[in-house]
Amino acid sequence: MKKLITASLLFLLSHLPSFSQVNEVKFGVQVFPSIAWTRVTPDSYTDPAGTTYTFSSNGGKLRGGIGIFADYHFTDNYVFTTGVNYLLNASGFQVTVSNPLAPGLSGTGTKTYSLQYVQVPIAFKLVTNEFVDMIRAYFKVGITGDVLVGTRIDGKSSYQPAPGSPVIQNSRYISLFSTNLNLSPGIEYEIAGGTRLLIGVTYSRGLMEINSNKSKEFFGGNDISGFSLKNDYISLDLGVKF
């Protein structure tokens, strides 16, 4: 990954011209199908009663999002970009429980989260001159601030622990806010009158844990020391800039 980032930056810098004033704003729309997965920590935990919990991700999930964006061009080649996205994301984990003193407690279970976020991305973008007719390359680095707007766990937005008991909203198990680091190489193809098609790839790495401190309820109230879920995804970015 470090070699890829370094090579991309060197390519971009070698194609940047001298600094010239532009100061214009261009708007666009995008869609970004993605594959999302979860980083789970710790790998395992043993409580004082001798019960061991072994954790792993439950695999990648196909998700995606749509958004609008605004590119502020300091020059033709240096751009500040922001916007608003609606993101469908996924998370989850598998846990295996074992206790040699109580074999009846052993077993494996999963939790699958379907999450909806409103994202506000902030990024800086380096854009080359045309290196092929009407085509320019870019490299973008930035962060997103995410606000949770929808939660389903194992396909349900809420559940009732027992008949007659209060209904519990599954959003209580997920943090309201999250943030991600994003790295995005891609190309712009000018089709007519300054309108450009954008094709790129984004690697988004979660910086904050998405689970709230209520997650211990999944483990019979045991507070699993250091239990953390962080979401990553890779997306294919397809957009139009006007």
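Let's shift gears to unusual backbone geometry. For the bond from Thr41 to Pro42, the omega torsion is -5°, close enough to zero to count as cis. For Met134, which is not glycine, the phi dihedral falls at a positive 70°. When you line up the elements, Met134 lands in the loop between β7 (107-127) and β8 (135-153). A positive phi angle, close to 55°, is found at Asp154, a residue other than glycine. For Asp154, the location among the structural elements is in the loop between β8 and β9 (158-159). Accessibility expressed as a relative area gives 39% for Asp154, which makes it partly exposed.

Bridging between strand β11 (residues 177-192) and strand β12 (residues 195-206) involves 10 bridges; their strand directions are antiparallel. For Gly186, the partnering residue across the bridge sits in β12 and is Gly200. Between the end of β11 and the start of β12, which pair antiparallel, lie two residues, with Gly193 showing a positive phi angle near 55°.

Our focus in this paragraph is the pairing of strand β6 (residues 78-98). Here strand β4 (residues 52-57) runs beside β6; their pairing, made up of six bridges, is antiparallel. When the sheet's bridge partners are listed, Thr52 is paired in β6 with Ser98. In the sheet, strand β5 (residues 61-73) pairs with β6 via 10 bridges, with the strands oriented antiparallel. Across the sheet, residue His73 finds its bridge partner in β6, namely Val79. Between β5 and β6, which follow one another and run antiparallel, lie four residues.

With that settled, consider the pattern of salt bridges. All told, the structure shown has 10 salt bridges when counted by the stated rule. A salt bridge links Asp232 to Arg39, with the nearest nitrogen and oxygen atoms 2.8 Å apart. Here the residue Asp232 occupies a position in strand β13 (residues 228-241), and Arg39 occupies one in strand β2 (residues 34-41), the gap between them amounting to 193 residues. For the salt bridge of Glu188 with Lys125, the shortest nitrogen-to-oxygen distance reads 3.5 Å. One end of the pair, Glu188, is in strand β11; the other, Lys125, is in strand β7, and 63 residues separate them in sequence. Accessibility assignment for this pair places Glu188 and Lys125 in one class, buried. In the salt-bridge network here, residues are joined through shared partners; they are Asp71, Lys125, Arg136, Glu188, Arg196 and Lys241.

This paragraph deals with the packing of aromatic side chains. Per the counting criterion, the structure on display carries six aromatic pairs. Note on Tyr72 and Phe74: the rings are 5.0 Å apart at their centroids and 85° apart in plane angle, and the pair reads as edge-to-face. In this structure an aromatic cluster arises from ring pairing among Phe55, Phe93, Tyr113 and Phe227. A cation over a ring is seen here: Arg172 above Tyr173, with NZ or CZ 5.6 Å from the ring centre.

Definitions and limits used
Chains are numbered independently. Their residues run from 1 in the order of the written sequence. Per-residue local features are limited, in this predicted model, to residues with pLDDT of at least 70; the limit for side-chain atom pairs, both in listing and counting, is 80 or more; totals at the level of whole chains, interfaces and linings are taken over all residues. Hydrogens and water are ignored here; the side-chain numbers use all heavy atoms of the structure. Numbering of helices and strands runs from the N terminus, with a helix taken as a DSSP run of H or I at least four residues long and a strand as a DSSP run of E at least two residues long. Three labels apply to residues, based on accessible area from a 1.4 Å probe with only protein chains included: buried if under 20% of the type maximum, exposed if over 50%, partly exposed otherwise in between. Paired strands are those between which DSSP finds at least two bridges. Here, a salt bridge means any side-chain nitrogen of Lys or Arg that lies within 4 Å of a carboxyl oxygen of Asp or Glu. Pairing of aromatic rings covers Phe, Tyr and Trp, the last counted by its six-membered ring, and requires centre-to-centre distances within 6.5 Å; plane angles under 30 degrees mean stacked, over 60 mean edge-to-face, and any other angle means tilted. Placement of a positive charge over a ring is assigned whenever Lys NZ or Arg CZ falls within 6 Å of the ring centre and within 35 degrees of the normal to the ring plane.

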